[in-house]
Amino acid sequence: FLGLLVEVLSRASYPPAEVKADRDRAADETLIALSQPEVVASQALRRRLFGSHPYATPMPSPPTLRRVDDAALHSLHPLLLDPARAHLVLVGDLQPRRALGLAEEAMASWTTPGAPGTADLPPVPAPRPGPIELVARPSSVQSNLRIGGKFAVLGEPDWPAASLAEQIFGGMFSSRIVANLRERNGYGYSPRSAVRHGRAGSSFTLAADVATAVTGPALVEILYELGRVATLGINDEELELARRHSVGRFSFEIASLPGLATTLANLAIRGVDLGYLTGYPKAVIATTKDQVDQAARRYLAPAGLVMVVVGDPDAVTGPLSALGEVKL
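A short tour of the structure in this document, coming up. (Residues numbered from 1 in each chain as written. Predicted model: local features only at pLDDT ≥ 70, side-chain atom pairs only at ≥ 80, totals over all residues. Heavy atoms only, no water.)

Attention now moves to the packing of aromatic side chains. Taken as a whole and assessed by the stated rule, the structure comprises 9 aromatic pairs. Ring centres of Tyr 276 and Tyr 280 lie 5.1 Å apart, and the angle between their planes is 20 degrees; on these two criteria the pair is classed as stacked. You can see Tyr 276 and its partner Tyr 280 sitting in helix H12 (residues 276-286), 4 residues apart, about one turn around the helix. In terms of burial, Tyr 276 and Tyr 280 fall into one category: buried. Ring pairs connect the aromatic residues Phe 151, Trp 159, Phe 169, Phe 204, Phe 250, Tyr 276, Tyr 280 and Tyr 299, which therefore count as one cluster. (Phe/Tyr/Trp six-rings, centres within 6.5 Å; stacked < 30°, edge-to-face > 60°. Helix = DSSP H or I, 4+ residues; strand = E, 2+ residues; numbered from the N terminus. Buried < 20%, exposed > 50% of the residue type's maximum accessible area, 1.4 Å probe, protein only.)

Encoded structure:
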């Protein structure tokens, strides 16, 4: 297996016919994806969140994909697959020293002489809150609401508290945003928040897809819940529930061999010490209500977040304008 892996890494052939078939399929899939409002909303939010940072890079256009050929892939290969920046994770019923020896022997032939490598990413910039960005989708029967901001970095001291605050707000099914938008008001079926960790920084996003007629009221409720958690904090019952959810989810993720391998690879890529595997659950259990409240104020306050809406401008511009400036 290691031999096959090294062959792919160092001597990939990129047969022209296969490249053409794969690129055409990718172009067709991208064309379909870019017609979906949730994808349009995600792309718009990334632009607002990251500005000129590489993380804001949009999906490639189908015409651009169709111009890719095998020569381009051969040129790109050593730039992306650089052994100096790679991590190998092996998980299983292995003898560590023997596995390491086999890996070193197999990988010895993987070199990229003269390859300049990939430049280090600059840190993710702080988002610039401003007008509500409205992406026009005329006659749409639904609006896609997206809100985002900078978040605690994986492995940093305030990450456990911030992660609990995010879960209480919108990261689990019993969260405040689900209780409000879905259960009490019936505005959306599956509102949710999530945290994405990149090597250059982490970000928080909230997604809610609602009927056009309730776009304004739904955004009012979202801002209310963000303001409430940021200013009034959480309660002890929510904290205990989030602790159990967080530890349980993490334990489940690393319980299988593929899950453990993926977790280890993600930690290695982000430069997080492997002590995180045992340290994170302990830190979550030890996190206090005051620490979670502070993290909520730091990362979930509406004043520090950016907002994007994809919807029918004729129907939603008026209601949204009551909440702030709207930019088309």
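So, about the side chain of Ser 202. Structurally, Ser 202 is set in strand S4 (residues 201-211). Ser 202 sits in the buried class, given a relative accessible area of 2%. One polar contact links the side chain of Ser 202 to the main-chain carbonyl oxygen of Ala 152, over a distance of 3.4 Å. Looking at Ser 202, its side chain comes within polar contact range of the side chain of His 197, at 2.7 Å. (Polar contact = N/O pair within 3.5 Å; in protein donor to acceptor, adjacent residues only side chain to side chain.)

Moving on to the sheet that holds strand S5 (residues 306-311). Across the sheet, 6 strands lie side by side as S3-S4-S2-S5-S1-S6; this open sheet has mixed pairing. Two strands lie at the open edges of the sheet, namely strand S3 (192-198) and strand S6 (326-327), each paired on one side alone. Across 4 bridges, the pairing between strand S1 (residues 132-136) and S5 is parallel. The partner of Leu 134 across the bridge, within S5, is Val 309. Of the strands in this sheet, S1, strand S2 (142-151), S5 and S6 are in contact with helix H14 (residues 313-321), which crosses S1 at around 170 degrees. (Pairing = 2+ DSSP bridges. Contact = heavy atoms within 4.5 Å. Axes fitted to C-alpha atoms, helices over the stretch in contact; angles between N-to-C directions.)

Once that is clear, we can look at the nonpolar core. Core analysis: the largest hydrophobic core is formed by 49 residues, its most contacted members being Ile 147, Phe 151, Phe 169, Ile 222, Tyr 276 and Leu 300. Ranked by the residues each element gives to this core, the list is headed by helix H7 (residues 159-171), at 7 residues. Core analysis: the second largest hydrophobic core is formed by 13 residues, Ala 41, Leu 45, Ala 56 and Val 124 among them. (Core = buried A, V, L, I, M, F, W, Y, C linked by side-chain atoms within 4.5 Å.)

One non-glycine residue with positive phi stands out, namely Tyr 14, at about 50 degrees. In this structure, Tyr 14 sits in the loop between helix H1 (2-11) and helix H2 (16-33). The phi dihedral of Ser 139 falls on the positive side, at around 65 degrees, and the residue is not glycine. Tracing the sequence through the fold places Ser 139 in the loop between S1 and S2. By relative accessible area, which is 63% here, Ser 139 ends up exposed.

A volume near 750 Å³ is recorded for the largest pocket. Taken together, 24 residues form the lining of the largest pocket, with Arg 85, Ala 86, His 87, Arg 199 and Ile 269 sitting closest to its centre. Mapped onto the lining of the largest pocket, the elements with two or more residues apiece are H1, helix H5 (70-80), S3 and helix H11 (257-269). Of the residues contributing to the lining of the largest pocket, the split by class is 15 nonpolar, 4 polar and 5 charged. Approximately 540 Å³ is the volume attributed to the second largest pocket. Lining the second largest pocket are 23 residues; nearest its centre among them are Leu 154, Trp 159, His 197, Arg 249 and Glu 253. (1 Å grid on protein atoms, 1.4 Å probe; cavity = no way out; pocket = protein on both sides within 12 Å on 5 of 7 lines; lining within 4 Å. Points joined across faces, edges and corners; volume = space filled by probe spheres on them. Nonpolar A, V, L, I, M, F, W, Y, C, P; charged D, E, K, R; others polar.)

Attention now goes to the environment of Pro 319. Mapped onto the elements, Pro 319 comes out in helix H14. With a relative accessible area of 38%, Pro 319 lands in the partly exposed category.

Okay, helix H6 (residues 96-107) next. For H6, built from 12 residues, the straight-helix expectation of 16 Å at 1.5 Å per residue is met to within 8% by its first-to-last C-alpha distance of 16 Å. Along H6, the residues that are buried comprise Ala 99, Ala 103, Ala 106 and Met 107. The arc that holds every buried residue of H6, seen down its axis, measures 90 degrees, which confines them to one face. Of the exposed residues in H6, those oriented more than 90 degrees away from the buried face are Arg 97, Arg 98, Glu 104 and Glu 105. (Expected span 1.5 Å × (residues − 1). Arc of directions from axis to C-beta.)

This brings us to the environment of Arg 23. Turning to its location among the elements, Arg 23 is positioned in helix H2. Remark: the alpha-carbon pair of Arg 23 and Asp 293, spanning 270 residues in sequence, is separated by 48 Å. If we skip the residues at most four places from it in the chain, Arg 23 touches Leu 65, Arg 66, Val 68 and Asp 69.

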